[in-house]
Amino acid sequence: MSDNTLVAQVFLQESIRAFENMKKLADKAFAQTEDAHFYLTLDEESNSLELLIKHMHGNMLSRWTDFLTTDGEKETRQRDGEFESSQYTREELISLWEEGWKVLFDTLHALTPDDVLRTVQIRGEGHSVLQAIQRQVSHYGYHVGQIVLLSEHWANHHWETLSIARGQSKAFKPSGVPLSSNLN
């Protein structure tokens, strides 16, 4: 296996891992969120959990369906509608959420190292597969952060942290390594 092939393989594996971690964070946040909280916004210009789920679902279906062969912005996508409340039930929203992630993961698992430098189109603009994946890692990470923030906000004092709790960092410090040299 060439060095380039190995790097491409590691890139694909790490991209899948990053998406898996994002999904896991959001899933844990949803689990702490009451049904009514899916439709609340912080202000009239903010998105609710419902709208974030609908938007990510629409984006995932558009970007990852026929990823290598068609433009990532499908003509059938109704992006503006993703930001209009539909009052889907929690179960319907979670079903949309799972469907979008399934399309993403099925596509990523089907890619080969040889695909990483191929060119795909997003809104008529050429991107290497590597660039297109990184674009979505950034985009979905942004929205998962919003999901966690909203879920934590609505859960208020009932929130169970998804990371290291405040005041507990020392318990996670590797022995012999100064805390200042840890990245987190």
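Residues numbered from 1 in each chain as written. Predicted model: local features only at pLDDT ≥ 70, side-chain atom pairs only at ≥ 80, totals over all residues. Heavy atoms only, no water.

Trainee: Would you take a moment to explain the overall build of the protein for this structure?
Mentor: When helices and strands are counted, the protein shows 4 helices and 2 strands. N-terminal to C-terminal, the α/β element order of the protein is α-α-α-β-β-α. Expressed along its principal axes, the backbone C-alpha trace of the protein runs to roughly 55 × 50 × 25 Å. With 184 residues in all, the protein has 38% of them scored as buried. Considering only contacts within the protein whose residues lie at least 6 apart along the sequence, 74% involve residues at least 24 apart. For the protein, the exposed surface amounts to about 11100 Å²; the carbon and sulfur share of it is 51%. Considering the protein, the positive charge centre built from 17 side chains and the negative charge centre built from 27 side chains are found 7 Å apart. (Helix = DSSP H or I, 4+ residues; strand = E, 2+ residues; numbered from the N terminus. Buried < 20%, exposed > 50% of the residue type's maximum accessible area, 1.4 Å probe, protein only. Contact = heavy atoms within 4.5 Å. Areas by Shrake-Rupley, 256 points an atom, 1.4 Å probe, with all protein chains shown as cover. Lys, Arg positive; Asp, Glu negative; His and termini not counted. Charge placed at Lys NZ, Arg CZ, Asp CG, Glu CD.)

Trainee: In this structure, what is going on with the packing of helix α1 (residues 3–31) against helix α4 (residues 129–155)? I would like to understand it.
Mentor: The axes of two packed helices give the description: the angle between them and the distance between them. Between α1 and α4, the shortest axis-to-axis distance is 9 Å and the interhelical angle comes to 15 degrees. Judged on the interaxial angle alone, α4 and α1 are roughly parallel. For the element pair α1 and α4, the recorded crossing hand is left-handed. Residue-level inspection shows F11, L12, S15, F19, M22, L25, A26, A29 and F30 of α1 in contact with α4, the latter providing L130, I133, Q134, Q136, V137, Y140, G141, V144, I147, V148 and S151. In terms of residue class, the contact of α1 with α4 is made up of 15 nonpolar, 5 polar and no charged. (Axes fitted to C-alpha atoms, helices over the stretch in contact; angles between N-to-C directions. Parallel < 35°, antiparallel > 145°, perpendicular 65-115°, else oblique. Left-handed = near helix turned anticlockwise from the far one by under 90°. Nonpolar A, V, L, I, M, F, W, Y, C, P; charged D, E, K, R; others polar.)

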